[in-house]
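Each chain, letter by letter, is given below.
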Amino acid sequence: MNAKSAISKEIFAPHDERMLGAVQVKRRTKKKIPFLATGGQGEYLTYICLSVTNKKPAQASITKVKQFEGSTSFVRRTQWMLEQLRQVNGIDPNRDSPEFDLLFENAFDQWVANTASEKCTFFQVLHHTCQRYLTDKKPEFINCQSKIMGGNSILHSAADSVTSAVQKASQALNERGERLGRAEEKTEELKNSAQQFAETAHKVRFQQDKVRHLAVIVC
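Residues numbered from 1 in each chain as written. Predicted model: local features only at pLDDT ≥ 70, side-chain atom pairs only at ≥ 80, totals over all residues. Heavy atoms only, no water.

Going by this rule: UniProt positions are given in the numbering used here, feature names are shortened, and annotations may be inferred rather than shown by experiment.
Where an unreviewed UniProt entry is consulted, the protein appears under the name Syntaxin-binding protein 6, with the organism given as Junco hyemalis. UniProt, in the comment section headed Subunit (unreviewed entry), describes the protein in these words: "Part of a ternary complex containing SNAP25 and STX1A that can be dissociated by NAPA and NSF. Interacts with STX4A."

Laid out in structure tokens, this is it:
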């Protein structure tokens with residue numbers, strides 16, 4: 001099980017939440033933690049996670065999750081409701097970069113994602129989630145690439161695939177219907193031909209019988 005699957009199962013599932021996306025990050029400006037709960041200093045991994053409650057009305061939130069060095073478990077740290085997110089800064093709209101900033105009502109963090117593609121995927125999911133679950137006070141997305149703002153390419157790709165599959169299925173059904181229609185027409189033609197042949201054969205047989213009957217009389 002990878003880290004993100006483990007976070008979803010360990011942190012969100014017990015609270016009846018679904019994790020929609022996560023990105024592993026590091027601070028662009030390091031912030032020291034004086035002491036861990038065990039009493040000493042240590043390294044840790046940080047994940048910014050996006051989740052939504054299963055209970056209606058659904059509520060989305062952003063959670064900072066950490067995994068400390070030497071531990072296999074994850075710890076839920078700071079959490080913000082999605083409504084508290086004010087600005088998402090992609091830093092550079094002209095190139096793939098792992099840096100980004102998140103501005104909340106009461107916090108501001110500068111991050112570097114593990115990879116630029118991981119950041120891009122998280123941004124796409126985050127943008128879509130904001131459009132879906134926030135009716136007003138939606139956060140401002142600035143300095144973001146068009147592929148993020150232009151319609152959530154991942155979700156659109158999936159939608160396009162479904163649409164394409166439906167169109168192909170519809171076309172196949174239409175073609176099948178046309179073939180069945182032609183087959184029915186051919187069957188009807190064969191049926192009419194067989195009926196006409198039977199009638200003709202009957203007339204010929206009748207004429208032959210009539211000729212034989214006249215021949216007998218003549219003789």
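What follows continues from the structure just given.
1. Focus on the environment of A113
Let me state the cut-off plainly: Going along the chain from the N terminus, every DSSP run of H or I of four or more residues is numbered as a helix, and every run of E of two or more is numbered as a strand. Burial classes: relative accessible area under 20% of the type maximum marks a residue as buried, over 50% as exposed, and values in between as partly exposed (1.4 Å probe, protein chains only). Pairs of residues are marked as contacts when any of their non-hydrogen atoms sit within 4.5 Å.
Examined against the element boundaries, A113 turns out to sit in strand 7 (residues 108-113). Residue classification places A113 among the buried residues on the basis of a relative accessible area of 5%. Sequence-wise, A113 and R27 are 86 residues apart; in three dimensions their C-alpha atoms are separated by 8.8 Å. Sequence-distant contacts of A113, defined by excluding residues within four places in its chain, comprise V23, Q24, V25, P98, F100 and K119.

2. Here we look at the packing of aromatic side chains
Put simply, the rule reads: Here the aromatic set is Phe, Tyr and Trp, taking the six-membered ring for Trp, and pairing holds for ring centres within 6.5 Å; pairs whose planes are under 30 degrees apart are stacked, those over 60 apart are edge-to-face, and all others are tilted. Each ring is checked for a lysine NZ or an arginine CZ that lies within 6 Å of its centre and within 35 degrees of its normal; such an atom marks a charge sitting over the ring.
This structure, assessed with the given rule, holds four aromatic pairs. Between Y47 and F74, the ring centres sit 6.2 Å apart and the planes meet at 75°, which makes this aromatic pair edge-to-face. Of this pair, Y47 sits in strand 2 (residues 44-53) while F74 is found in the loop between strand 3 (60-68) and strand 4 (75-81), placing the two residues 27 residues apart along the sequence. By relative accessible area, Y47 is classed as buried at 4%. Measuring from centroid to centroid gives 5.4 Å for F100 and F123, while their planes differ by 80°, and the two rings are edge-to-face. Here F100, found in strand 6 (residues 99-104), pairs with F123, found in helix 2 (residues 116-133); they are 23 residues apart in sequence, far enough to count as distant. In this structure F100 comes out as buried when scored by relative accessible area, which is 0%. Residue classification places F123 among the buried residues on the basis of a relative accessible area of 0%. The side chain of K66 reaches across the aromatic face of Y44, ending 4.3 Å from its centre. A cation sits over an aromatic face here: K119 above F123, 5.4 Å from the ring centre.

3. Considerations on helix 2
The following threshold applies: Take the number of residues in a helix, subtract one, and multiply by 1.5 Å to get its expected span.
For helix 2, with 18 residues, the first-to-last C-alpha span of 26 Å sits near the 26 Å given by 1.5 Å per residue. All buried positions along helix 2 are accounted for by E118, K119, C120, F122, F123, Q124, L126, H127, T129 and C130.

4. Concerning helix 1 (residues 3-12)
Given 3.6 residues to a turn, an α-helix orients residues that are three or four positions apart in the same direction. Where we set the bar: Picture the helix axis, draw a direction to every C-beta atom, and the arc is the one those directions span. N or O atoms within 3.5 Å of each other form a polar contact, as long as, within protein, one can give a hydrogen and the other can take it, and as long as residues adjacent in sequence are counted only when both atoms are side-chain atoms.
Among the residues of helix 1, A6, I7, I11 and F12 are the ones counted as buried. Along the long axis of helix 1, the arc covered by the buried residues comes to 165°, so they all point the same way. Elements that come into contact with the buried residues of helix 1 comprise strand 1 (17-27), strand 2, strand 3 and strand 4. Where helix 1 begins, one side-chain oxygen reaches toward the backbone nitrogen of K4, 3.3 Å away; that side chain belongs to N2.

5. Some thoughts on a negative patch on the surface
The following threshold applies: Patch membership requires more than 30% relative accessible area and the absence of a salt bridge. Residues of like charge join within 9 Å; the nonpolar side chains Val, Leu, Ile, Met, Phe, Trp and Tyr join within 5 Å. The Shrake-Rupley method, run with a 1.4 Å probe sphere, supplies the accessible areas, and residue values consider only the shown protein chains as cover. In what follows, salt bridge is the name for a side-chain nitrogen of Lys or Arg lying within 4 Å of a carboxyl oxygen of Asp or Glu. Positive charges are assigned to Lys and Arg, negative charges to Asp and Glu, while His and the chain termini are left out of the count. A charged residue contributes its charge at one atom only: NZ of Lys, CZ of Arg, CG of Asp or CD of Glu.
A cluster of like negative charges, contributed by E184, E185, E188 and E189, occupies part of the molecular surface. Summarising the element assignment, E184 is placed in helix 4 (residues 153-218).

6. Structural notes on the nonpolar core
Going by this rule: Nonpolar cores are built from buried Ala, Val, Leu, Ile, Met, Phe, Trp, Tyr and Cys residues. Side-chain atoms within 4.5 Å join them into one set.
Ranked by internal contacts, the top residues of the largest apolar core, which has 24 residues, are I48, I62, L82, L85, F100, L102 and L126. The set of elements that each furnish at least two residues to this core consists of strand 1, strand 2, strand 3, strand 5 (85-89), strand 6, strand 7 and helix 2. No other element matches the five residues that helix 2 contributes to this core. Setting aside anything within four residues of it in sequence, one finds F100 in contact with V23, V25, R28, N89, I91, D109, Q110, W111, A113, K119 and F123.

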